[in-house]
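The primary structure of each chain is shown beneath.
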Amino acid sequence: MRTFDRYILSHLLMVFGFFSLILVAVYWVNRAVSLFDRLIAGGSNVSLFLELTLLTLPSVILTVLPISALVATLYGVNRLSGESELVVAQTTGLSPWTMARPVLYFGLCVAVLLLLLAHLLVPVSRTMLVEQNQELSRDITGRFLKDGEFLHPGTGITVYVREITEQGELRGIFLQDRRDAAARTTYTAERAVLLRAGDSPRLVMFEGAAQTLHTDTRSLTVVSFADFTYDLAGLVGGPASPRKDPRSLDTATLLRADATDLARDGVKRGVYLFEGHNRFAEPIFAAALPVLAIALLMLGSFSRLGLWRQILAAVFLAILLKLTSNVVENAVRGSADLWPLTYLPALITMGMAALALSWNAYAPRKLVRGVPA
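Residues numbered from 1 in each chain as written. Predicted model: local features only at pLDDT ≥ 70, side-chain atom pairs only at ≥ 80, totals over all residues. Heavy atoms only, no water.

Participant: What should I look at first to understand a nonpolar patch on the surface in this one?
Facilitator: Together, Leu116, Leu120, Leu121, Val124 and Met128 give the surface a local cluster of nonpolar side chains, amounting to about 420 Å² of exposed area. Summarising the element assignment, leucine 120 is placed in helix 4 (residues 96–138). Take leucine 120: its relative accessible area is 45%, and that puts it in the partly exposed class. (Patch = residues over 30% accessible without salt bridge, like charges linked within 9 Å, V, L, I, M, F, W, Y side chains within 5 Å. Areas by Shrake-Rupley, 256 points an atom, 1.4 Å probe, with all protein chains shown as cover. Salt bridge = Lys/Arg side-chain N within 4 Å of Asp/Glu carboxyl O. Helix = DSSP H or I, 4+ residues; strand = E, 2+ residues; numbered from the N terminus. Buried < 20%, exposed > 50% of the residue type's maximum accessible area, 1.4 Å probe, protein only.)

Next up, the structure:
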């Protein structure tokens, strides 16, 4: 690798690392806030929150890296242009293809990271995340055994426990069920225990009463009981669903698109094929996008105001190409025979980059500060 290539590549990698940290932090915090509200409201502890947020990190990085690669290229090349370093490189006789070579190396580095994330880290993390969510939904203790606090384990359900003994017995329990708009029931009991009968968790209350308010007649029914069993199956998870998220499956399974797997997950064959091929297409797109960006930035002559017009053009094209990717995704998911279209946005990006570099190389050369550009 030549000195010029190493210099440009090191500059882009440094800027890329900075913007990646910023964007990942912003995107991750946005997700973490909503997750924090959901977990803490359900009575979960902070360690579980940290574990779940760390498991979402690979998916966040996978989403952010192509964006930060484009931003790093635009910022880095514009800075080099503003400091006249690109002008010096052009006046020494370097062709546009030569000047774009270190950016291509940079794009390949980003593509390798995306391949590692898409084929290994993201499926593994999403599998672990699904398992944690299923365990969380079945965790009766974490959602009910909090003494002295009003908990909301489900929509329309409020639970309060005055005291929890060392043996796990609940003392002074209050449970209100508002899921039925026609009849709202409040259970109070001196003591209660949590039991699991197979996959169905149940709350057995002793020495209590059930007060039911009929909203249509505005009448109140009070029933005292020596013991009463309340089924919690609607509040906590039952048996784990056999369905799997395609994003948690390995690439070989997705590309094979076996009929048994499709029937189990209840999805079309196109969903599997798009997810599998997109794990190759997205890194190619991310590698080609920085090359397209520098090709557009080399259009036109030097300006003290910067390359803002070229930057706007690059951002506009990136948005347009991403919209094209969304259209392709909908088409492939609907019809598996269209899976080759998954690579269309990446191929269009590569073609546009090559066209712009060819224009820069063979178009009449412009003057930059009075010297051939």
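There is more to say after this.
Participant: Mind showing me how you'd approach the confidence of the model for the chain here?
Facilitator: Keep in mind that low pLDDT regions are not for reading the predicted coordinates in detail. Put simply, the chain has an average pLDDT of 83, and 85% of its residues get 70 or more. In this model, residues 366–373 is a region of pLDDT below 50 whose contacts with residues beyond four sequence positions or in other chains number 18 contacts. (pLDDT = per-residue confidence, 0-100. Contact = heavy atoms within 4.5 Å.)

Participant: I'm lost on the pairing of strand 2 (residues 157–164) in this one. Help?
Facilitator: Moving residue by residue along a regular strand, the side chains alternate between the two faces of the sheet. Bridge count for strand 1 (residues 150–151) against strand 2 is two bridges, and the pairing is antiparallel. Among the inter-strand pairings, leucine 151 is bridged to a residue of strand 2, identified as valine 159. Where strand 1 hands over to strand 2, the hairpin turn is made up of five residues, of which glycine 156 adopts a positive phi near 80°. As defined by bridge partners, strand 2 adjoins strand 3 (residues 170–177) across seven bridges and the pair is classed as antiparallel. What sits directly across from valine 161, in strand 3, is isoleucine 173. The hairpin turn running from strand 2 into strand 3, its antiparallel successor, is five residues long, and glycine 168 in that turn takes a positive phi close to 90°. (Pairing = 2+ DSSP bridges.)

Participant: Would you take a moment to explain the nonpolar core for this structure?
Facilitator: Proteins that are soluble and globular tend to have nonpolar side chains buried together. Counting residues in each nonpolar core, the largest one holds 43 residues, and the members touching the most others are Phe16, Phe106, Val110 and Leu289. Broken down by element, the residue count for this core peaks at ten residues, all from helix 8 (residues 269–297). Those residues in contact with leucine 289, other than ones at most four positions away along the chain, are Leu70, Ala318, Leu321 and Thr349. Counting residues in hydrophobic clusters, the runner-up holds 15 residues, among them Ile157, Val159, Ala192 and Phe225. (Core = buried A, V, L, I, M, F, W, Y, C linked by side-chain atoms within 4.5 Å.)

Participant: What is the right way to read the packing of aromatic side chains from this model?
Facilitator: How two aromatic rings sit relative to each other is set out by the distance from centre to centre and by the angle between their planes. Inspection of every chain in the model, using the stated rule, returns eight aromatic pairs. Here tyrosine 187 and tyrosine 230 contribute two aromatic rings whose centre-to-centre distance is 5.3 Å and whose plane-to-plane angle is 65°, an arrangement assigned as edge-to-face. In this pair, tyrosine 187 sits in strand 4 (residues 183–197) while tyrosine 230 sits in strand 6 (residues 219–231), placing the two residues 43 residues apart along the sequence. Of the two residues, tyrosine 187 and tyrosine 230, neither departs from the other in class, the shared state being buried. Ring centres of phenylalanine 225 and phenylalanine 228 lie 5.4 Å apart, and the angle between their planes is 40°; on these two criteria the pair is classed as tilted. The buried category is assigned to phenylalanine 225, whose relative accessible area is 13%. (Phe/Tyr/Trp six-rings, centres within 6.5 Å; stacked < 30°, edge-to-face > 60°.)

Participant: Honestly, the layout of surface pockets in this entry has me stumped. Any pointers?
Facilitator: One simple way to see leftover space: roll a probe sized like a water molecule over the atoms. If you add up the space inside the largest pocket, you get close to 790 Å³. As for the largest pocket, its lining consists of 29 residues, of which Leu62, Thr63, Asn278, Glu282 and Lys322 are closest to the centre. Only helix 1 (3–41), helix 2 (46–82), helix 4, helix 8 and helix 9 (308–334) provide two or more residues apiece to the lining of the largest pocket. Counted by class, the lining of the largest pocket contains 15 nonpolar, five polar and nine charged residues. (1 Å grid on protein atoms, 1.4 Å probe; cavity = no way out; pocket = protein on both sides within 12 Å on 5 of 7 lines; lining within 4 Å. Points joined across faces, edges and corners; volume = space filled by probe spheres on them. Nonpolar A, V, L, I, M, F, W, Y, C, P; charged D, E, K, R; others polar.)

Participant: What should I look at first to understand the packing of helix 9 against helix 10 (residues 344–362) in this one?
Facilitator: Two packed helices can be described by the angle between their axes and the distance between those axes. Close contact between helix 9 and helix 10 brings their axes to 9 Å; oriented N to C, the two are set at 155°. Taken as axis vectors, helix 9 and helix 10 run roughly antiparallel relative to one another. On helix 10, the residues touching Leu317, Leu321, Thr324, Ser325 and Val328 of helix 9 are Leu344, Pro345, Ile348, Thr349 and Met352. (Axes fitted to C-alpha atoms, helices over the stretch in contact; angles between N-to-C directions. Parallel < 35°, antiparallel > 145°, perpendicular 65-115°, else oblique.)

Participant: Would you explain the environment of threonine 127 in this entry?
Facilitator: Inspection of the secondary structure assignment puts threonine 127 in helix 4. In the structure, threonine 127 is positioned 122 residues away from leucine 249 in sequence and 7.9 Å away in space, judged by C-alpha atoms.

Participant: Explain unusual backbone geometry to me, please; I cannot follow it from the model alone.
Facilitator: With glycine set apart, most residues show a phi of negative sign, and most peptide bonds adopt trans. We note that glutamate 207 has phi near 55°; this positive angle belongs to a residue other than glycine. In this structure, glutamate 207 sits in strand 5 (residues 200–214). With a phi close to 60°, arginine 218 is a non-glycine residue in the positive phi region. Within the element layout of this structure, arginine 218 appears in the loop between strand 5 and strand 6. On the basis of relative accessibility, which here comes to 63%, the residue arginine 218 falls in the exposed class.

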